[in-house]
Amino acid sequence: MQRPGKGKTPRRPGPKKASNIEKDPVGVYCRIRPLGTEHEECCVEMISSTTIQLHAPDGLKANRNGEYKETQYSYKKVFGINTTQMELFEDVAKPLVEDLIHCKNGLLFTYGVTGSGKTFTMTGSPGEGGLLPRSLDMLFNSIGPFQAKRFVFKPDDKNGMEIQSQVDALLERQKRDSQQSVPKTPLSRQKADPEFADMISSEEACRSENVDEDCCYSVFVSYIEVYNNYIYDLLEDAPYDPIRPKPPQSKILREDQNHNMYVAGCTEVEVKSTEEAFEVFWKGQKKRRIANTQLNRESSRSHSVFTVKLAQAPLDADGDHILQDKNQVNVSQLCLVDLAGSERTSRTRAEGSRLREAGNINQSLMTLRTCMEVLRENQMYGTNKMVPYRDSKVTHLFKNYFDGEGKVRMIVCVNPKADDYEETMLVMRFAEMTQEVEVARPVDRPICGLAAGRRHRNQAFRDELSRRLEERGGPSTAVDDPVLLNQLIESLPALPHCELVDPADDQTLPRLIEVLERRHRIRQTMTEQFNKTANTLKSMLQQFDGQLNAKETFLHDQQSKLNEKDKVIINQKTEMERLEKKSKTLEYKVEILQKTTDMYEHDKRSLQQELESREQRLQRELSERRRMEQRMQDMVTDTKLKYEKECERRVNAKQLEMQNKLWVKDEKLKQLKAIVTESRSGPAERPEKPERPSRERDRNIAQKRSASPSPLPTAPPVHPMHRRSHSAGGEKWVDHKPPSNLDVDTVMQPIIPNAIKVSTPNEKALSKCHKYVLRHQELASDGEIETKLIKGNVFRTRGGGQAVQFTDIETLKQECPAASSRKRRSGSAEGPVQIEDIENRTPVASTSSSHGYQKRRKP
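Residues numbered from 1 in each chain as written. Predicted model: local features only at pLDDT ≥ 70, side-chain atom pairs only at ≥ 80, totals over all residues. Heavy atoms only, no water.

Participant: Please clarify how the overall build of the protein should be interpreted in this entry.
Facilitator: Regarding its fold elements, the protein presents 17 helices and 31 strands. Looking at the 859 residues of the protein, the share that counts as buried comes to 36%. Pairs at least 24 residues apart make up 72% of the contacts formed inside the protein by residues separated by at least 6 positions. Summing over all exposed atoms, the protein offers an accessible surface of approximately 55,100 Å²; the carbon and sulfur share of this is 52%. (Helix = DSSP H or I, 4+ residues; strand = E, 2+ residues; numbered from the N terminus. Buried < 20%, exposed > 50% of the residue type's maximum accessible area, 1.4 Å probe, protein only. Contact = heavy atoms within 4.5 Å. Areas by Shrake-Rupley, 256 points an atom, 1.4 Å probe, with all protein chains shown as cover.)

Participant: Which parts of the structure should I look at to understand the pattern of salt bridges?
Facilitator: Oppositely charged side chains are able to pair whenever their charged atoms sit close together. Scanning all chains against the criterion turns up 28 salt bridges. Lys283 is the partner of Asp237 in a salt bridge, and the nearest nitrogen-oxygen pair spans 2.8 Å. One end of the pair, Asp237, is in the loop between strand E14 (230-233) and strand E15 (250-251); the other, Lys283, is in helix H6 (residues 274-285), with 46 residues separating them in the sequence. For Asp237, a relative accessible area of 59% gives the class exposed. With relative accessibility at 32%, the residue Lys283 sits in the partly exposed group. (Salt bridge = Lys/Arg side-chain N within 4 Å of Asp/Glu carboxyl O.)

Participant: Would you mind showing me how to read a nonpolar patch on the surface here?
Facilitator: Taken together, the side chains of Leu537, Met540, Leu541 and Phe544 define a hydrophobic patch exposed on the protein surface, amounting to about 390 Å² of accessible area. Mapped onto the elements, Leu537 comes out in helix H14 (residues 508-681). Note on Leu537: relative accessible area 47%, which makes it partly exposed. (Patch = residues over 30% accessible without salt bridge, like charges linked within 9 Å, V, L, I, M, F, W, Y side chains within 5 Å.)

Participant: What is the right way to look at the pairing of strand E8 (residues 105-112) in this model?
Facilitator: By the criterion of burial, E8 is predominantly enclosed, with eight of the eight residues buried. Judged by which residues are buried, E8 turns out to be covered on both faces: Asn105, Leu107, Phe109 and Tyr111 on one side and Gly106, Leu108, Thr110 and Gly112 on the other are all buried. As defined by bridge partners, E8 adjoins strand E23 (residues 406-414) across eight bridges and the pair is classed as parallel. Among the inter-strand pairings, Phe109 is bridged to a residue of E23, identified as Met410. (Pairing = 2+ DSSP bridges.)

Participant: Where do I start with the sheet that holds strand E6 (residues 71-74) in this structure?
Facilitator: Remark on secondary structure: sheet strands pair via backbone hydrogen bonds, oriented parallel or antiparallel. Taken in spatial order, the three strands make up an open sheet running E4-E5-E6, and their pairing is antiparallel. On the outer flanks of this sheet lie strand E4 (44-46) and E6, each paired with one strand and no other. Ignoring strand direction, the axes of neighbouring strands in this sheet form an average angle of 25°. The pairing of strand E5 (residues 51-54) with E6 spans four bridges and is antiparallel. If you follow Leu54 over to E6, its bridge partner there is Thr71. Contacts from helix H11 (residues 421-434) reach E5 and E6 within the one sheet, and its direction differs from that of E6 by about 40°. (Axes fitted to C-alpha atoms, helices over the stretch in contact; angles between N-to-C directions.)

Participant: I would appreciate a short explanation of the nonpolar core in the present structure.
Facilitator: Proteins that are soluble and globular tend to have nonpolar side chains buried together. By size, the foremost hydrophobic cluster in this structure holds 55 residues, and its most contacted members are Ile52, Tyr75, Leu107, Phe398 and Met428. Setting aside chain neighbours within four positions, we find Tyr75 in contact with Val28, Cys30, Thr50, Ile52, Met428, Ala431, Glu432 and Gln435. With 43 residues, the next largest nonpolar core counts Leu96, Met138, Ile200 and Val219 among its residues. (Core = buried A, V, L, I, M, F, W, Y, C linked by side-chain atoms within 4.5 Å.)

Participant: Explain helix H8 (residues 353-381) to me, please; I cannot follow it from the model alone.
Facilitator: Given 3.6 residues to a turn, an α-helix orients residues that are three or four positions apart in the same direction. Over its 29 residues, H8 runs 42 Å from end to end, which matches the ideal 42 Å to within 8%, given 1.5 Å per residue. Backbone geometry just downstream of H8 places Gly382 in the positive-phi region, at approximately 70°. (Expected span 1.5 Å × (residues − 1).)

Participant: Explanation requested: the packing of aromatic side chains in the structure shown.
Facilitator: Between two aromatic rings, the relevant description is the distance of the centres plus the angle of the planes. Evaluated as defined, the whole model comprises 10 aromatic pairs. Measuring from ring centre to ring centre gives 6.2 Å for Tyr29 and Phe79, while their planes differ by 35°; the resulting arrangement is tilted. Of the two residues, Tyr29 sits in strand E3 (residues 27-32) while Phe79 sits in strand E7 (residues 77-79), which places them 50 residues apart along the sequence. On the accessibility criterion, Tyr29 (3% relative accessible area) is buried. In this structure Phe79 comes out as buried when scored by relative accessible area, which is 4%. Taking 6.1 Å as the distance between ring centres and 65° as the angle between the ring planes, the aromatic pair formed by Phe398 and Tyr401 counts as edge-to-face. You can call Phe398 buried: its relative accessible area is 5%. In this structure an aromatic cluster arises from ring pairing among Tyr223, Phe278, Phe281, Trp282 and Phe306. We note Arg369 situated over the ring of Phe430; from NZ or CZ to the ring centre the distance is 5.8 Å. (Phe/Tyr/Trp six-rings, centres within 6.5 Å; stacked < 30°, edge-to-face > 60°. Lys NZ or Arg CZ within 6 Å of the ring centre and 35° of its normal.)

Participant: What am I meant to see in helix H1 (residues 85-101) here?
Facilitator: Considering bend angle alone, the principal kink of H1 is centred on Ala93 and spans about 50°; proline Pro95 follows within four residues of it. Here H1 lies mainly inside the structure; 12 of its 17 residues are buried. Turning to H1, its buried residues are Gln85, Met86, Leu88, Phe89, Val92, Ala93, Lys94, Leu96, Val97, Asp99, Leu100 and Ile101. Where H1 terminates, the next one or two residues include Cys103, which has phi positive at roughly 65°. (Bend = angle between axes of the 7 residues up to and from the residue.)

Participant: So what exactly am I meant to see when it comes to the packing of H1 against helix H3 (residues 131-143) here?
Facilitator: Between two packed helices, both the angle of their axes relative to each other and the distance between the axes serve to describe the pair. Their axes nearest at 9 Å, the elements H1 and H3 cross at an angle of 45°. For the element pair H1 / H3, the angle class is oblique. Taken as a pair, H1 and H3 cross one another with a handedness that is right-handed. Residues Gln85, Met86, Leu88, Phe89, Ala93, Lys94, Val97, Glu98, Leu100 and Ile101 of H1 touch H3, and the partners they reach there are Leu131, Arg134, Ser135, Met138, Leu139 and Ser142. When the residues that make up the contact of H1 with H3 are grouped by side-chain class, the tally is 10 nonpolar, three polar and three charged. (Parallel < 35°, antiparallel > 145°, perpendicular 65-115°, else oblique. Left-handed = near helix turned anticlockwise from the far one by under 90°. Nonpolar A, V, L, I, M, F, W, Y, C, P; charged D, E, K, R; others polar.)

In structure tokens:
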């Protein structure tokens, strides 16, 4: 048994690329799908085979000039609405399949808005097979006669390929056949998969002509999807647990020894025909995530990647077996990618999981655009920016293709309806920009140095050998065989060289008769030996016939035993079917119970959530009620304290006011009584004046509770020598006497001629006069009432109203004789009681500055 060899994935010779390496731009093709209905508005027009034009639909906002801007985009080729799947395959996918056979990698992906026909372009429908089934058909039509037996090539789970010996491959095939012989339970209600014969007709089949016949080939396929930026294997046969179903496990990306990215643990299935490959594809397609949205009835919610891996190794020098050299094994792959369409949630009205899916799809497509833009900028401007491949699983998986590991081609699918105008315009811009990205052209690698035509020569030798064996084992006799006839003739004595001239020749005829007799004897001897050998062979045949009859009897006995075993097996199969039916019934019952349990659990969770929400609401209401009660109590307490303070203040003020009035009246009566008594009895000793209680307190309270507003601090007097009242003139005055003022009953009273007396100033009175005087009373420091005359000029304002500017203050003060006698050092209390009217005049500067106090009234 030879040691299995291991193949490597082809890649560039080194990471550093020389400056003379040829590069090819990314091939971008555009395909326009037909409109859904004839009445829909179209916004895409095909100008030529390489150019399309976008028209702004009606109702869209115009540009600044009031015109709608029409944009044109150019691609490698544009396919119209009448393009067939076969025409698209001939121009786009067929060269990639030929490169796959010639050990070159390829990447083909569809890109566009949701509902633009990407999945139809890649997969197709019955009667109109897409790029994927046509690529498989072309591949197997080309390498079909040169395929290796199953399990000769085996993946090593590290993105490489191993070669097994004939014995190991045979054991693997027997193991597979034994596993497939176990009958599987057919699934009820299972939808029939579309057959490959329904996808592509026999007339459309194609093949590659340049296939190396001196190699053996084997095809492996894998199918993955990228859902919410997680990779899942669609061909993985996970055990199904109906009671506790487990979600599929995501896969991770790894890098092999050649720095190529691959999906670790991905299932790779070896297929030997187009039908088998398409069956494997449809098995994974049924697991792919699709959903119904507002824009697409079957919208792909994930990016799918179908990888076709072709392993090939040359034959040995004899052209009979595969060359067991790991350095001569080549693995090439073709990735067919169906990207999910970009969509706007405002149009699809996605919610919940659909909204999350749309966000991840748009994010991965945005990462793809960013990578393309960075690659284009690095190539055009010579920068060395890092390309963000790792931001998305899709770009990270195909990193090697953009770094020069094969051809890259993109098909932009366009929906011409007007509703997709803005999204289509963004897709067109990105696709046109992608054409400027260049990818290094893969280099052809020679497979081996052996002579060509080894398989053909070996096949010709085998055909000739089989023909000769068939001729030797046929019904012809030994005489008919020219080889045996020549050997027989050569064993007989040779005839002498003689020439008969006369029939009576006595010398030549006896010699000839003697030679013929000798040959006759030899022939009789050979005949006897032949008969003896025939009899021996006949006896041997009879012996073999007896042995054969014994073997037949033994075989008959064994056949009877085998029939009995078959009956037992049939009974066991019947029992197994009965048990399977019973198991199905129990599984169905378990499923019903599980659904019922799930329903009850769901109801229980919903009721618990509702109970918790109501308890939370009740707690919030109780806390809100407690806060409201506390707030109301605080407000009541604050209001109660406020009103208590206000009542106490008013009571104290009223009490003080009444005490002042009572004291003033008492003083007046005492003074009047003293005057009357002195006028009758003459001079006598003046009685002591009773002290007013709580003088300081009264002074403070009176200062606070003035009957009228206190004047501002006075400025230096304007006329210090003038002592006469300004009210002596002929001007008209407004005499403002508040109702709270007291009558002092003094002899000297301020008399103002031509005055209008008011208790509250008004606009009418101010408009008729030029002067204004305010009578203000307050309690002096000695407890006497002091009257101040605050004077001012009346003038009109700009708004039409009246304003007062105060200019002068006159003070009228009343003093008690007893109080003045206390200030004297000598006892001069005798004498008549003098009542003085002291006029203190403190003028205020008549300016418009902040020192003057103006009283304004608006009209």
